[in-house]
Amino acid sequence: MKPAGDINIKNIGSFYRDLEEEFAGSGDVVIDLSAVKRIDLAAAQVIIAAGRKGKELKRQIKLKGVSPDLKKLFAISGIKV
Amino acid sequence: MGEGGITEVFLNEAKEILVNLESDIVTLEEKKDDEEIINRIFRYFHTLKGSSGIAGFTGVYEFTHHLENLFDNVRSGEIPVTEVIIDILLNSLDWVRGELFGDVVDEKQDVLKSEMISRIDDIMGESKDKPESDDSDFLSTVGAYSGVGEGVRYFKISIRFNEDIFFSGIDPLMIIEDLSMLGEFIYNRVDKSRLPDFVKLEPEKSYLSWEIVLKTEADEKKVRDVFLFVYEDNEIDIENVTEKYHGIQDGGYVPEKRLGELLVDRGLLKSRDLDEIVKEQIKHNAKIGDIIVQKGLASEKDVVEALQEQEKIKKRIEVSTVRVDSGKLDNLMNLLGEIVIGQASLHRIADDLEEDMAFRLINALYGLDRVTREFQEQIMSIRMVPVGGTFDQFRRFVRDTAQSLGKEIKLKIEGGDTELDKTVIERIGDPLKHMIRNAIDHGIEPAEERRKSSKSSYGTVTLKAYHQEGNVFIDIIDDGRGVSIERVKSKAVSLGMITPDEDISKEKLLSFLFNPGFSTAEKVGDLSGRGVGMDVVKTNIEELRGAIEIKTKEGEGTLVRVKLPLTLAIIEGMLIRIGESILIIPLLSVVETIQIKKEDYKTVEGKGELILVRGEYIPLVRLNELFGIEAEEKNPWEALFVIVESGSERIGIMIDDLVGQQQIVIKSIDRFITDSRAISGATILGDGRVALIVDIHGLAEEMKG
């Protein structure tokens with residue numbers, strides 16, 4: 001999946017549902033973040049929860065195209081890239 | 001969360017931020033090096049950017065991003081604060097305001113936006129072209145600044161946000177990011193234990209919490225400021241743990257030394273001295289202010305002023321963080337009103353009881369009265385808002401108006417922390433603006449004219465608020481040319497209000513300025529001087545049950561004094577009886593109550609009935625005729641008089657009897673009941689009867705016809 005723009009409380013519902021759909025399929029879940037400028041805490045939490053679910057299902061969640069700005073936000077939300 | 005909810009929260013927040021920003025930017029123009037203001041402006045832009053992004057105002061988000069960048073450079077000292085920067089910032093605010101609150105899509109907005117962005121880019125480009133100074137980077141790399149003296153501090157910060165924080169339009173991550181910008185997280189543990197499994201996750205709730213140790217050169221206040229908007233409903237714990245990390249055991253460091261810091265900031269104390277004082281403070285367990293004074297390092301006055309500033313800062317933070325739905329306060333006030341009415345009716349019952357029972361009931365009621373009064377004071381204090389916020393809004397207005405008229409004007413604000421009822425504050429803005437405009441347009445002379453009369457080239461408009469005798473006074477003072485009494489007089493003559501040889505006091509002449517259509521301006525300016533205005537101002541002030549007067553000295557200046565009640569909901573009233581009816585006169589307007597002799601009464605053609613009170617004939621008013629009720633006393637020398645005051649005029653109201661004095665809860669009445677200006681509302685008495693409240697200013701107006 002390749003979200004674009006900002007992922008935040010306004011569109012978190014659709015981001016969450018897109019991830020749900022990804023889980024419905026098979027194989028690793030790749031989130032291409034190269035077109036994402038910023039995330040908020042809601043987005044970070046969904047990514048963390050998705051990571052846990054991936055572990056359970058023995059499927060990897062791969063974060064691609066993470067910009068330095070996003071990396072910083074991930075770091076302060078406790079997400080290891 | 002519904003988008004409407006976020007948008008509404010954001011717009012409310014943005015409105016507040018824009019007002020604060022405007023005031024701070026105009027102040028910055030005068031205090032170009034004030035770091036506190038610079039930092040605050042930066043934070044406002046940062047917040048505005050973040051929130052506008054969340055609320056989906058992408059245009060504003062992108063634009064404020066430019067502003068934030070620009071101001072980051074100002075903050076770091078790379079770009080100096082100049083007139084150009086101030087101009088860009090103010091114009092940019094106009095653009096943001098237009099985007100968020102404008103009614104129509106306006107082409108000018110696009111032009112303004114491109115112009116501002118290109119000006120910002122130009123400035124940023126220039127600053128990048130400059131060779132970097134060689135003192136900072138190198139020294140920082142080799143660690144010359146780390147751990148120097150008191151600079152480096154460590155704070156342990158525990159943060160647990162309320163689950164519903166997103167509903168208030170705040171992104172917790174942005175707050176943590178702001179915190180990280182103050183220094184370095186040497187420890188960051190994110191507790192994810194409350195985060196549910198993916199399937200059970202409610203993405204719009206906040207689940208994470210943090211334990212952070214921040215290494216920073218910022219002081220505790222700056223760290224706390226990051227959480228300014230979230231202290232209320234979230235668990236934020238900030239502990240200064242510098243000692244632990246520095247291993248300082250000798251008491252050389254004290255986390256709370258703000259008073260000292262304030263004195264250092266003011267240049268009254270050296271950092272070196274402060275260290276010594278802090279050591280002494282720990283040793284003797286004395287107050288830091290006392291030690292400073294004892295050592296002669298600063299005067300007692302300086303310490304007191306610093307303490308006052310500290311108090312003000314605290315107050316400002318509190319004021320800006322408490323948010324209460326004003327509707328709830330109105331409800332509380334109404335409910336309290338009902339309690340007051342209930343009490344009055346219990347007092348009434350006590351009158352009909354036998355002595356013993358009456359005594360017991362009245363005793364119990366005294367206690368209740370005391371509590372109710374205190375309760376009322378508390379509710380009123382919640383409704384009280386410092387007038388400073390309203391005053392600050394005029395900084396921009398004065399600047400722009402002065403510029404457009406080519407005048408140099410400074411706005412001086414005094415007593416901004418004087419508090420007034422929220423409703424009064426909301427309704428005082430427009431009248432004040434009008435009076436300030438008058439002061440600038442008619443009062444202050446152009447620079448050249450001022451110099452000729454040996455005045456400073458710039459004029460000063462002062463806004464001053466203060467408490468006196470249970471009222472709040474607001475003075476609008478200008479050091480301009482004053483009002484020409486001669487011109488007022490000739491205008492009054494030309495309008496047929498007076499005859500040329502009539503002996504008339506200066507006060508009376510000045511009160512003509514409040515008459516509709518009365519203007520002494522030689523030519524009509526763009527801003528004022530159309531003869532409409534001061535009458536509207538007066539009506540507005542009187543609707544707030546206030547009063548207004550003008551004092552002036554030609555060549556020296558003018559003072560317009562507005563007197564306002566502390567609250568609009570409850571007043572002290574004098575109960576009077578005319579026939580069977582009970583009426584209420586606001587105690588504030590009452591001068592005295594008297595009886596007159598037969599010879600002190602006379603009728604004058606064209607002026608009606610007059611009575612002689614303390615050497616002056618004043619008009620007599622028969623409320624029974626005005627309101628169509630039956631009075632017992634027909635002859636003035638057999639009746640009682642309540643002498644009331646409206647502006648500089650006195651009136652004698654003829655009554656049958658005085659009933660008493662009590663707190664009156666004002667209930668508004670619809671205009672279809674009466675369109676008389678002499679009635680301002682009604683109240684319910686203890687026995688359930690309705691009593692009308694007399695509006696003294698309205699009564700004076702009605703008498704004039």
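Keep in mind the model is a prediction, meaning the values are calculated, not measured.

Caption draft 1: Region of the structure containing the overall build of chain B. In terms of regular secondary structure, chain B is built from 23 helices and 22 strands. Every one of the 705 residues in chain B was classed for burial, and the buried ones make up 45%. Relative to all contacts within chain B whose residues are 6 or more apart in sequence, the contacts with residues 24 or more apart total 68%. Carbon and sulfur atoms make up 48% of the accessible area of chain B, which totals about 36,500 Å².

Caption draft 2: Structural context of the overall build of chain A. Scanning chain A from terminus to terminus reveals three helices and four strands. For chain A, the N- to C-terminal ordering of α and β elements is β-α-β-β-α-β-α. The proportion of buried residues among the 81 residues of chain A is 47%. Counting only contacts in chain A whose residues sit at least 6 apart along the sequence, the fraction spanning at least 24 positions is 81%. With the model as given, the accessible surface of chain A reaches about 3,900 Å², and the carbon-plus-sulfur share is 50%.

Caption draft 3: Fine view of unusual backbone geometry. For A:Lys58, which is not glycine, the phi dihedral falls at a positive 55 degrees. Here A:Lys58 is to be found in the loop between helix 2 (41–56) and strand 4 (61–64). At B:Ser454, a position not held by glycine, the phi torsion is positive, near 50 degrees. Along the polypeptide, B:Ser454 turns up in the loop between helix 18 (447–452) and strand 8 (459–468). On the basis of relative accessibility, which here comes to 68%, the residue B:Ser454 falls in the exposed class.

Caption draft 4: Fine view of the interface of chain A and chain B. With 27 residues of chain A at the contact, the number on the chain B side is 34 residues. When the two sides are added together, the surface that chain A and chain B hide from each other amounts to roughly 2,800 Å², 63% of it contributed by carbon and sulfur. For chain A, the biggest contributors to the area lost against chain B are A:Ile9, A:Lys10 and A:Ile76; these three give 25% of the whole. For B:Glu177, the salt bridge is made with A:Arg38, and the minimal N-O distance between the two is 2.8 Å. Across the chain A-chain B interface, the total number found is twelve residue pairs in polar contact (both at pLDDT 80 or more). For the side of chain A that touches chain B, the secondary structure elements donating two or more residues are helix 1 (12–24), strand 3 (36–39), helix 2 and helix 3 (68–76) of chain A. A per-element tally of the side of chain A that touches chain B places helix 2 of chain A first, with nine residues. Tallied by class, residues from the side of chain A that touches chain B come to 15 nonpolar, four polar and eight charged.

Caption draft 5: A look at the sheet that holds strand 4 (residues 235–240) of chain B. Residue and element names in this part refer to chain B. Across the sheet, which stays open at both edges, the four strands sit in the order 2-3-1-4 with antiparallel pairing between neighbours. With one partner strand each, in any of the chains shown, strand 2 (183–191) and strand 4 form the two edges of the open sheet. Pairs of neighbouring strands in the sheet enclose a mean axial angle of 15 degrees, with direction left out of account. As judged from the eight bridges shared by strand 2 and strand 3 (residues 209–216), these two strands associate in the antiparallel manner. Pairing of asparagine 188 across the sheet is with isoleucine 212, part of strand 3.

Caption draft 6: Layout of the sheet that holds strand 14 (residues 590–594) of chain B. All names here are of chain B. Sheet architecture is open: six strands sit in the order 14-18-19-17-16-15, paired in mixed fashion. Since the sheet does not close on itself, it has two edges, and those belong to strand 14 and strand 15 (601–604), each with one partner. Sheet twist, expressed as the average angle between the axes of neighbouring strands with direction ignored, equals 35 degrees. Bridging between strand 14 and strand 18 (residues 640–646) involves four bridges; their strand directions are antiparallel. Looking at strand 18, one finds that valine 590 is bridged to valine 644.

Caption draft 7: Seen up close, the nonpolar core. Of all hydrophobic cores here, the largest spans 55 residues; its most connected members are A:Ile39, B:Ile157, B:Ile159, B:Phe161, B:Leu179, B:Trp210 and B:Phe227. In terms of residue count, helix 2 of chain A provides more of this core than any other element does, nine residues in total. Each residue touching B:Ile159, except ones within four places of it in the same chain, is listed here: B:Ile176, B:Leu179, B:Ser209, B:Trp210, B:Ile212, B:Phe227, B:Glu235 and B:Ile236. Grouped together as the second largest cluster of nonpolar side chains are 45 residues, B:Ala402, B:Ile425, B:Ile504 and B:Val560 included.

Caption draft 8: Structural context of the environment of A:Val46. As for its placement among the helices and strands, A:Val46 is situated in helix 2. When its relative accessible area of 0% is taken as the criterion, A:Val46 is described as buried. If we ignore the near neighbours within four places in the chain, the residues touching A:Val46 are A:Ile12, A:Phe15, A:Tyr16, A:Leu19, B:Phe198, B:Leu201 and B:Pro203.

Caption draft 9: Structural view of the pattern of salt bridges. Residue and element names in this part refer to chain B. In total, this model carries 38 salt bridges over all chains according to the counting rule given. Close ionic contact of arginine 399 with aspartate 87 constitutes a salt bridge, the shortest N to O distance being 3.9 Å. Taken as a pair, arginine 399 in helix 16 (residues 388–405) and aspartate 87 in helix 4 (residues 83–101) lie far apart in primary sequence, 312 residues in all. Several salt bridges converge on common partners, so that one network encompasses Glu22, Glu29, Asp87, Asp94, Arg97, Glu115, Arg119, Arg396, Arg399 and Asp400.

Caption draft 10: Just the packing of helix 3 of chain A against helix 7 (residues 172–180) of chain B, in detail. Running from N to C, helix 3 of chain A and helix 7 of chain B point in directions that differ by 100 degrees, and their axes come no closer than 10 Å. In this view, helix 3 of chain A runs roughly perpendicular relative to helix 7 of chain B, as classed from their interaxial angle. Residues A:Lys72, A:Leu73 and A:Ile76 of helix 3 of chain A touch helix 7 of chain B, and the partners they reach there are B:Leu173, B:Ile176, B:Glu177 and B:Ser180. When its residues are assigned to classes, the contact of helix 3 of chain A with helix 7 of chain B shows four nonpolar, one polar and two charged.

Caption draft 11: The arrangement of the packing of aromatic side chains in detail. Counted by the stated rule, this structure contains nine aromatic pairs over all chains. Ring plane angle 70 degrees and centroid distance 5.2 Å describe the contact between A:Phe23 and B:Phe198, whose orientation is recorded as edge-to-face. On the criterion of chain membership, the pair formed by A:Phe23 in helix 1 and B:Phe198 in the loop between strand 2 and strand 3 is interchain, its members lying in two chains. Take A:Phe23: its relative accessible area is 8%, and that puts it in the buried class. The buried category is assigned to B:Phe198, whose relative accessible area is 3%. With centroids separated by 6.1 Å and ring planes inclined at 75 degrees, the aromatic side chains of B:Phe161 and B:Trp210 adopt a geometry described as edge-to-face. Pair noted here: B:Phe161 is in the loop between strand 1 (153–160) and helix 7 and B:Trp210 is in strand 3, with a separation of 49 residues, a long-range link. You'll find B:Phe161 and B:Trp210 in the same group, each marked buried. An aromatic cluster of three or more residues is present, and its members are A:Tyr16, A:Phe23 and B:Phe198.

Caption draft 12: Spotlight on a nonpolar patch on the surface. All names here are of chain B. A cluster of nonpolar side chains, Leu346, Ile349, Leu353, Met357 and Leu368, forms an exposed patch at the surface whose accessible area comes to about 400 Å². Mapped onto the nonpolar patch, the elements with two or more residues apiece are helix 14 (326–352) and helix 15 (355–383). Examined against the element boundaries, leucine 346 turns out to sit in helix 14. Relative accessible area serves as the criterion here: at 33%, leucine 346 is assigned to the partly exposed category.

Caption draft 13: The arrangement of the confidence of the model for chain B in detail. All names here are of chain B. Scored by pLDDT, chain B comes out at a mean of 81, with 86% of its residues at no less than 70. Throughout residues 129–150 the model reports pLDDT below 50, and contacts reaching past four residues in sequence, or to other chains, amount to twelve contacts. Under a pLDDT of 50 for its full length, residues 247–257 has, in the predicted model, 20 contacts with residues more than four places off or in other chains. Both confidence scores are given for the complex: pTM 0.47, ipTM 0.95.

Caption draft 14: Representation of helix 19 (residues 485–494) of chain B within the structure. Residues and elements named next belong to chain B. Among all positions of helix 19, only Ile485, Val488 and Ala492 are buried. Buried positions in helix 19, seen along its axis, are confined to an arc of 60 degrees and lie on one side of it. Exposed and facing more than 90 degrees away from the buried side of helix 19 are Glu486 and Ser494. The secondary structure elements touched by the buried residues of helix 19 are helix 20 (506–511) and strand 10 (547–553). Glycine 496 lies just past helix 19 and shows a positive phi near 75 degrees.

So, how was this worked out
Residues numbered from 1 in each chain as written. Chains lettered and ligands numbered in written order. Predicted model: local features only at pLDDT ≥ 70, side-chain atom pairs only at ≥ 80, totals over all residues. Heavy atoms only, no water. Helix = DSSP H or I, 4+ residues; strand = E, 2+ residues; numbered from the N terminus. Buried < 20%, exposed > 50% of the residue type's maximum accessible area, 1.4 Å probe, protein only. Contact = heavy atoms within 4.5 Å. Areas by Shrake-Rupley, 256 points an atom, 1.4 Å probe, with all protein chains shown as cover. Buried area = accessible area lost by both parts, 1.4 Å probe. Salt bridge = Lys/Arg side-chain N within 4 Å of Asp/Glu carboxyl O. Polar contact = N/O pair within 3.5 Å; in protein donor to acceptor, adjacent residues only side chain to side chain. Nonpolar A, V, L, I, M, F, W, Y, C, P; charged D, E, K, R; others polar. Pairing = 2+ DSSP bridges. Axes fitted to C-alpha atoms, helices over the stretch in contact; angles between N-to-C directions. Core = buried A, V, L, I, M, F, W, Y, C linked by side-chain atoms within 4.5 Å. Parallel < 35°, antiparallel > 145°, perpendicular 65-115°, else oblique. Phe/Tyr/Trp six-rings, centres within 6.5 Å; stacked < 30°, edge-to-face > 60°. Patch = residues over 30% accessible without salt bridge, like charges linked within 9 Å, V, L, I, M, F, W, Y side chains within 5 Å. pLDDT = per-residue confidence, 0-100. Arc of directions from axis to C-beta.

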